[in-house]
Every structure is written in structure tokens, then in C-alpha cells.
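Here are the chains, one letter per residue:
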Amino acid sequence: LGNTVAREDFEWVYTDQPHADRRKEILAKHPEIKALMKPDYNLIWVVVLMVLAQLTAFYLVKDLDWKWVVFWAYVFGSCISHSMTLAIHEISHNSAFGNSKAMWNRWFGIFANLPLGLPYSISFKRYHMDHHRYLGGDGIDVDIPTNFEGWFFCTRFRKFIWIVLQPFFYAIRPLCINPKPITRLEIINLLAQLAFDVAIYYLWGVKSIFYMLAGSVLGLGLHPISGHFIAEHYMFLKGHETYSYYGPLNLLTFNVGYHNEHHDFPNIPGKSLPLVKKIAAEYYDNLPQYNSWIKVLYDFVMDDTISPYSRMKRQLKGEVKQD
């Protein structure tokens, strides 16, 4: 448990991210992929059903013993909550209503946020667009851990704790790396969330609130689905900064595992990313890939050469445009 990883800094690179060039090359060879660049209206109904499912769960747990509230928060609530964060990820790319109705997507994201208990949909969209434009950008891409995370979480035990605390780090990292002025929509997101939480507490009590918040924290921490946080961009193989996962948990995560495909074509909904891989198989089949997010979590903790420092980082040049 005391082994210390060898890496002492990020992997600094001086080349552009590969996704823009690959996108141009694929579209030149497979222009039919452009037909997939359209909204996924089924996403709307899936999100509505997920919100209703959680509302039903809030009601059902209100009179349970605490041990069962905790049990269902981890077994069911955490899965729905993490899945909803990835629905919000889809909505942040305007996948629900399309680019022509951007504000509809913002309002729908606030709605999807409600059963999570903590407001984040609007802020996530602002920072996530930076992640796509400036992948690994120093001081811009808040998906990159802080220097403190890389320095401190350097043993197997500490890396395990880092995984458990991932929701905490994703929440505070933007404030440390790239703080932005609060917008009107973020205030609306906050007020809507507070009103919803108060209503749930008033209607069904503290156990429903605990179930909601615990499900969100547990689902984004030590949970099989959380393997995608590490699988997407942590450098298990030197020279590769984005990795795809083609296992069954894509069914719960709107195909976020198709991550090379997503960064190549961020305006294609997750539902259609398997088609992208199929059409342009010659570009994706030979890239490094995963079939188990649980193994990713295990390898991250147990491999003494991997740590939060195992990310590619870029010093950005020229004008940087942020949301």
C-alpha cells in the first residue's frame, strides 16, 4: 500500500490534439457520417422517465430503515444519478433539441439536474466545451487534475481515496484552475435546485433527501460506472490521450465509452457513435480500447506507474475563447 508512483509531473506535449485532424480525414473519406449530426429526440423521453423513476424512488424510501435507504442509494440511485450526469453531458452538446434551440437544451439540462440534488448542469456545459476545444490545455481544461492531486495521491491507498472523492475534486477543481464569473443561468440552476430539494424534504422527509444526495456522491465515486472518468484520458499507454470503451455499461451511459468517436464528432449524439465506429472502423479498431471499467479502476490503483499525473497537458498559444 505504500508504493509510490514514479511520475512527478504531467506529460507535456507540444502538438495539437489529434481529434480535429482525424475528423477532417474521416469526413473526407466517409461524408455519410454528416447525416448522423442531428438531435436524438429519444433522449428527451429517456430523461423524463429517469426523473420520474427517481421521484418514485424518493417516495418509496421515505419510510424504510436507514440501512435500506443506504442500500438502495448505492444499488439503484447511484446508477440513475450517474446515468443522468451523462444525459446532462449529452444535453450540453445540444443533443436533445439541436443547435438551433440551444436555450431549450439549457432549460432541459436544469430539469434533468433536479434528481441529482446539487446544481451543476449549466456550469458543466461551460467548462465541458473548453475540454473539447482545448483538450489538456493548461489552466483551461478542468478535467486535468491539479498539481496537488498529482503530488499527493501517489500511493495505492491514496489513489483509492482519490477515486472515492472524485465528486469532490470535480466540484472544486474549476474554482482552483479556471474560475469563471457566475452567469444568470447558473443562478437559475441553483434556485431551481434549492426549490426542488426543499419540496422533496417537505413532502417526504430527510431519508428521501439523503437517498438523493448519497446516490449522486456514491455514483460518481467508488462505482463501476466511474471507471469512465479514468478510462477516457488517463495515459495507460504513452502517446495515447483518449481511449474508448466498448463494454456493456455503455447502455447506461449514453455511449460515453465511445470516447475517441465522441471527441472526433462531439455534435453526434451518443446513440449514433457506434455507427461512427462501424463506418470508419479502419480509424478506430486499432486504437487502444477497454472492455471493463472495473479493471480500469483496479489497474489505476494497483499500477505504480499510473497516477493523477498520467495526463497529457498542453501550453496553449494564441487566442483562447471560452464560454
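Placed above this text is the structure.
Cut-offs applied
Residues numbered from 1 in each chain as written. Predicted model: local features only at pLDDT ≥ 70, side-chain atom pairs only at ≥ 80, totals over all residues. Heavy atoms only, no water. 1 Å grid on protein atoms, 1.4 Å probe; cavity = no way out; pocket = protein on both sides within 12 Å on 5 of 7 lines; lining within 4 Å. Points joined across faces, edges and corners; volume = space filled by probe spheres on them. Helix = DSSP H or I, 4+ residues; strand = E, 2+ residues; numbered from the N terminus. Buried < 20%, exposed > 50% of the residue type's maximum accessible area, 1.4 Å probe, protein only. Nonpolar A, V, L, I, M, F, W, Y, C, P; charged D, E, K, R; others polar. Core = buried A, V, L, I, M, F, W, Y, C linked by side-chain atoms within 4.5 Å. Contact = heavy atoms within 4.5 Å. Phe/Tyr/Trp six-rings, centres within 6.5 Å; stacked < 30°, edge-to-face > 60°. Lys NZ or Arg CZ within 6 Å of the ring centre and 35° of its normal.

Novice: What am I meant to see in empty space enclosed by the protein here?
Specialist: Think of a ball as big as a water molecule: rolled over the atoms, this probe shows where empty space is left. Under the counting rule described, the total for this entry stands at one cavity of 30 Å³ or more. A volume near 40 Å³ is recorded for the largest cavity. Counting residues per element, the ones that place at least two in the lining of the largest cavity are α3 (66-92), α4 (102-113) and α5 (121-133).

Novice: I tried to follow unusual backbone geometry on my own but got confused; where do I start?
Specialist: Working note: non-glycine residues mostly have negative phi, and peptide bonds are mostly trans. Of note in this structure, N94 is not a glycine but carries a positive phi near 60 degrees. With respect to the element layout, N94 can be found in the loop between α3 and α4. By relative accessible area, which is 11% here, N94 ends up buried. Not every positive phi belongs to a glycine, and F254 is a case in point at roughly 55 degrees. In this structure, F254 sits in the loop between β2 (244-245) and α12 (259-264).

Novice: For this particular structure, what's the right way to read the layout of surface pockets?
Specialist: The space that makes up the largest pocket amounts to roughly 1300 Å³. What lines the largest pocket is a set of 44 residues, among which Y120, F124, Y170, A171 and P174 lie closest to the centre. Space inside the second largest pocket adds up to approximately 610 Å³. As for the second largest pocket, its lining consists of 21 residues, and the residues nearest its centre are D16, Q17, R133, Y134 and L135. If you list the elements that add at least two residues to the lining of the second largest pocket, you get α1 (19-29) and α5. Sort the elements by how many residues they give to the lining of the second largest pocket and α1 lands first, with four residues. Looking at the lining of the second largest pocket residue by residue, the classes come out as eight nonpolar, six polar and seven charged.

Novice: For this particular structure, what's the right way to read the nonpolar core?
Specialist: Where a protein is soluble and globular, its nonpolar side chains tend to be buried together. Counting residues in each nonpolar core, the largest one holds 37 residues, and the members touching the most others are V47, M84, W162 and I230. Apart from the residues within four sequence positions on either side, W162 is in contact with P145, E149, F153, F169, R173, I230, Y234, F300 and P308. I26, Y258, V276 and L287 belong to the second largest nonpolar core, which has 14 residues in total.

Novice: Before we go on, may I ask you to explain the packing of aromatic side chains in this structure?
Specialist: The description of an aromatic ring pair uses the distance of the two centres, along with the angle that the planes make with each other. Evaluation of the coordinates by the stated rule reveals 26 aromatic pairs. Geometrically, the ring pair formed by F168 and F169 is edge-to-face, given 5.4 Å between the ring centres and 70 degrees between the ring planes. For F169, a relative accessible area of 7% gives the class buried. The lysine or arginine in question, R158, covers the ring of F152, its NZ or CZ lying 4.3 Å from the ring centre. The ring centre of F300 lies 5.5 Å from the NZ or CZ of K159, which sits over that ring.

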